[in-house]
Amino acid sequence: MKRVQYHRYGGPETMRLEDFTLESPGKGQVAVKVKYAAINPIDWKLRNGQMKIITGNAFPRSMGMDFSGTVISVGPGSARFKPGDAVFGMARLKQGGAFGHAVITNEAFLARKPDALSFEDATCLATPGVTAWNGLVDKARLKEGQHVFVNGCTGAVGEATIQIARMLGATVSGSCSAGAMQRARALGLQGIYDYRTTDFSKLGERFDVVYDTAATMSTAVGLSLLREKGVFLDLDPTPTKFLRSFVTRKLKPIVCSARPDILDRLARAASEGSLRLPVAEIVPLSEATRLIGELEAGKKIGGKGLIAIE
């Protein structure tokens, strides 16, 4: 078996496609034969060492968080899945491994793939969908009729946030580039703003929830856009922001935290057609490091980049 690994923290040059031996799943774990994997910014943030306080200094480390595939085997105490089940979900943050032929993950990080949902579409759901749900539902307690503003509304987390917010009965506005406004209109936004030309500190509208899915909005601006009981969801959590959030209750730093109930809800929404993230480019595993590097360098492809595991 092969997977994308690195032997030290650093840039794209550290990535290698290497042989590995799949371990046996432990208690509460599942081994999955990967069919597709999706590329997310978290993949290169982990490789760059931005979260090494969590991931540690043991090498080699494997890359990749989001995937779809079929169950190979289950560990002791795992009862939700059996060999042959079609699933999608997330790898463990510290171990990764989705960019390879097979991966071990926690049972709680998986959901069954609905028959009506393709493996490609299922692969795109986990990190963007869970992150959107963590913010809108877990932190903001979004209610029907509320108004949400999504900064970075045509990124993967932004698009998931829009669709989930509308699914829950909210009105949604947002910001994106001028070139992405047509896509934003198709998603049903009420108000759309060009982030390059709009001074958000002077925006007249106020919102119940502001979700900075692009991680580019200052805390001061985000808080200024809120209604009296509004919540600012910050996707760039830092120790300082976590400390501030204990004093400023309107500030909610977001860390992607998967649960079975969230993944099952995303699966149902996707199978019903109310949640879908576009796939823009699919490459074989042999070309994975190239596409990861291009996306990390800022290449825009208009949707998700996937790796087809052969």
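For the structure, see preceding data.
First things first, this report covers the structure right here in the doc. (Residues numbered from 1 in each chain as written. Predicted model: local features only at pLDDT ≥ 70, side-chain atom pairs only at ≥ 80, totals over all residues. Heavy atoms only, no water.)

### Focus: the overall build of the protein
So, step 1. Per the secondary structure count, the protein includes ten helices and 16 strands.
So, step 2. Computed over C-alpha atoms, the radius of gyration of the protein comes to 19 Å, within 12% of the 19 Å expected from 2.2 N^0.38 for 310 residues, which places it in the range of a compact globule.
So, step 3. C-alpha atoms of the protein, sized along the principal axes, occupy 55 × 40 × 40 Å.
So, step 4. Burial analysis of the protein (310 residues in total) assigns 52% to the buried set.
So, step 5. Sequence-distant contacts in the protein: of pairs separated by 6 or more residues, those separated by 24 or more amount to 66%.
So, step 6. Across the protein, the mean location of the 41 positive side-chain charges is 4 Å away from that of the 30 negative side-chain charges. (Helix = DSSP H or I, 4+ residues; strand = E, 2+ residues; numbered from the N terminus. Rg over C-alpha atoms; globule rule 2.2 N^0.38 Å. Buried < 20%, exposed > 50% of the residue type's maximum accessible area, 1.4 Å probe, protein only. Contact = heavy atoms within 4.5 Å. Lys, Arg positive; Asp, Glu negative; His and termini not counted. Charge placed at Lys NZ, Arg CZ, Asp CG, Glu CD.)

### Things to note about unusual backbone geometry
So, step 1. Omega for the peptide link from F59 to P60 comes to 0 degrees, which places this bond in the cis form.
So, step 2. Note that P60 resides in the loop between helix 2 (52-55) and strand 4 (61-62).
So, step 3. The phi torsion at A215 lies on the positive side, around 55 degrees, for a residue other than glycine.
So, step 4. A relative accessible area of 31% means that A215 is categorised as partly exposed.

### Thoughts on the packing of helix 4 (residues 126-139) against helix 9 (residues 260-271)
So, step 1. It is the contact of helix 4 with helix 9, at a shortest axis distance of 10 Å, that shows an interaxial angle of 110 degrees. Between helix 4 and helix 9, the angle is such that the two are roughly perpendicular. Here the hand of the crossing between helix 4 and helix 9 comes out right-handed. Residues A126, G129, V130, W133, N134 and D138 of helix 4 form the contact with helix 9, whose own contacting residues are I262, L263, R265 and L266. (Axes fitted to C-alpha atoms, helices over the stretch in contact; angles between N-to-C directions. Parallel < 35°, antiparallel > 145°, perpendicular 65-115°, else oblique. Left-handed = near helix turned anticlockwise from the far one by under 90°.)

### Quick look at the packing of helix 4 against helix 5 (residues 156-167)
So, step 1. Relative to each other, helix 4 and helix 5 sit at 55 degrees, their axes nearing to 8 Å. As judged from the angle between their axes, helix 4 and helix 5 are oblique. Here helix 4 runs over helix 5; the crossing is right-handed. Here P128, G129, T131, A132, W133 and L136 of helix 4 come into contact with helix 5, specifically with A156, V157, A160, T161, I164, A165 and M167.

### Thoughts on the pattern of salt bridges
Pairs may arise between side chains of opposite charge once their charged atoms sit close together.
So, step 1. Under the definition given, this model contains 21 salt bridges.
So, step 2. The shortest N-O distance in the salt bridge between E13 and R8 comes to 3.9 Å.
So, step 3. One salt bridge in this structure joins R259 and D138, with 3.0 Å as the shortest N-O distance. Taken together, the residues R259 in the loop between strand 14 (251-253) and helix 9 and D138 in helix 4 connect sequence positions 121 residues apart.
So, step 4. Overall, the relative accessible area of 22% leaves D138 in the partly exposed class. (Salt bridge = Lys/Arg side-chain N within 4 Å of Asp/Glu carboxyl O.)

### Some points on a nonpolar patch on the surface
So, step 1. A contiguous nonpolar surface patch, about 310 Å² in accessible area, is contributed by I53, I54 and L93.
So, step 2. In this fold, I53 is placed in helix 2.
So, step 3. By relative accessible area, I53 is classed as exposed at 81%. (Patch = residues over 30% accessible without salt bridge, like charges linked within 9 Å, V, L, I, M, F, W, Y side chains within 5 Å. Areas by Shrake-Rupley, 256 points an atom, 1.4 Å probe, with all protein chains shown as cover.)

### Here we look at the sheet that holds strand 13 (residues 226-234)
Adjacent strands of a sheet pair through backbone hydrogen bonds, lying either parallel or antiparallel.
So, step 1. One open sheet holds the six strands; their spatial order is 11-10-9-12-13-14, and the pairing between them is parallel. This sheet does not close on itself; its edge strands, each paired only once, are strand 11 (192-194) and strand 14. For this sheet, the mean angle separating the axes of adjacent strands, direction not counted, is 15 degrees.
So, step 2. Sheet analysis places strand 13 next to strand 14, joined by three bridges and oriented parallel. Among the inter-strand pairings, L233 is bridged to a residue of strand 14, identified as K252.
So, step 3. Together, strand 9 (147-151), strand 10 (171-176) and strand 12 (207-212) form the strand contacts of helix 5, whose direction differs from that of strand 9 by roughly 170 degrees. (Pairing = 2+ DSSP bridges.)

### Concerning helix 5
So, step 1. With twelve residues, helix 5 should reach 16 Å at 1.5 Å per residue; the first-to-last C-alpha distance of 17 Å fits that figure.
So, step 2. For helix 5, a buried count of nine out of twelve residues is recorded, marking the element as mostly surrounded by other parts of the structure.
So, step 3. Listed in full, the buried residues belonging to helix 5 are V157, G158, E159, A160, T161, I162, Q163, I164 and A165.
So, step 4. Phi for G169, located one or two positions after helix 5, is positive at around 95 degrees. (Expected span 1.5 Å × (residues − 1).)

### Overview of the pairing of strand 1 (residues 2-6)
So, step 1. Counting buried positions along strand 1 yields four of five residues, so the element is predominantly enclosed.
So, step 2. Summarising the sheet, strand 1 and strand 2 (residues 16-19) pair through four bridges and their orientation is antiparallel. What sits directly across from V4, in strand 2, is L17.
So, step 3. Summarising the sheet, strand 1 and strand 4 pair through two bridges and their orientation is antiparallel. Directly across from Y6, in strand 4, lies its bridge partner R61.

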